[in-house]
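Residue-level structural notes
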Amino acid sequence: MGAAYRTVVVGTDGSESSFAAVDRAAAVAGDAGATLVIACAYYPASQSDVEKAQDALGEEAYQVVGSAPAEDTLQSARDRAARAGAEKIDTIAVKGDPVDSLRKVVKEREADLLVVGNRGLNTIAGRILGSVPSEVARKSGVDVLIVHTT
């Protein structure tokens, strides 16, 4: 296998810091001529869950709840990735836990690089993502690039 990456996976939750990771992943993928796969994990939500989340989170409620917001997040991420230089871009919304979701995407797509942001610990989305880099690095078996997004 050559040195260049062929498939780069990046996770996003719609936060600024995760979009910074998308930008970096897109630049790496663009340079390598690799396919960029942008993944967003979401939890399917009942109406009462959504309302509870909105009360707790204010404007950020939709980052973590429901598939429609996940699709919106992926569309924004795709636009950013294209601007940052990625040419081949796939997006995928995955139901469930972010760590498991990213691992699944890495495995299914036979990715050779996973890119994650290091930040966002104050939001629920951030707490979910906060444990992702170390967890994923331990378990994925691929190169992991942790982007310092602050």
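Here the structure is a predicted model, which means the values were calculated and not measured.

Section: the pairing of strand β1 (residues 7-11)
The element β1 is largely enclosed, with a buried count of five among its five residues. Judged by which residues are buried, β1 turns out to be covered on both faces: Thr7, Val9 and Gly11 on one side and Val8 and Val10 on the other are all buried. Note: β1 against strand β2 (residues 35-42), five bridges, orientation parallel. Bridge pairing links Thr7 to Thr35 in β2. Tracing the backbone out of β1, into helix α1 (residues 16-32) and back to the parallel element β2 gives a crossover that is right-handed. Sheet topology note: the β1/strand β4 (residues 113-117) ladder contains three bridges and is parallel.

Concerning the pairing of β2
Of all eight residues in β2, eight are buried; the element is thus mostly enclosed. Residue alternation in β2 divides its side chains into two sets, Thr35, Val37, Ala39 and Ala41 and Leu36, Ile38, Cys40 and Tyr42, and both sets are buried. As judged from the eight bridges shared by β2 and strand β3 (residues 88-95), these two strands associate in the parallel manner. Across the sheet, residue Ala41 finds its bridge partner in β3, namely Val94.

A look at the side chain of Thr12
When you line up the elements, Thr12 lands in the loop between β1 and α1. Side-chain polar atoms of Thr12 contact the backbone nitrogen of Gly14, separated by 3.2 Å. Not counting chain neighbours up to four residues away, the residues in contact with Thr12 comprise Ser18, Phe19, Val22, Ile38, Ala39, Cys40, Ala41, Thr73, Leu74 and Ala77.

Some points on unusual backbone geometry
Here Glu110, not a glycine, exhibits a phi torsion of approximately 50°, which is positive. With respect to the helices, strands and loops of the structure, Glu110 is situated in the loop between α4 (98-108) and β4. Residue classification places Glu110 among the exposed positions, given a relative accessible area of 64%.

Observations concerning the environment of Gly85
Structurally, Gly85 is set in the loop between α3 (67-83) and β3. With 56 residues separating them in the primary sequence, Gly85 and Ala29 have C-alpha atoms 7.8 Å apart. Those residues in contact with Gly85 that lie beyond four places of it in its chain are Ala26 and Gly30.

Let's talk about α4
Where α4 is concerned, the buried positions are Pro98, Val99, Ser101, Leu102, Val105 and Val106. One side of α4 holds all its buried residues, which, seen down the axis, span an arc of 165°. Exposed residues on α4 whose side chains face more than 90 degrees from its buried face are Lys107 and Glu108. Glu110, located one to two residues past α4, shows a positive phi value of around 50°.

Conventions adopted
Residues numbered from 1 in each chain as written. Predicted model: local features only at pLDDT ≥ 70, side-chain atom pairs only at ≥ 80, totals over all residues. Heavy atoms only, no water. Buried < 20%, exposed > 50% of the residue type's maximum accessible area, 1.4 Å probe, protein only. Helix = DSSP H or I, 4+ residues; strand = E, 2+ residues; numbered from the N terminus. Pairing = 2+ DSSP bridges. Right-handed = clockwise from strand over helix to strand, strands pointing away. Polar contact = N/O pair within 3.5 Å; in protein donor to acceptor, adjacent residues only side chain to side chain. Contact = heavy atoms within 4.5 Å. Arc of directions from axis to C-beta.

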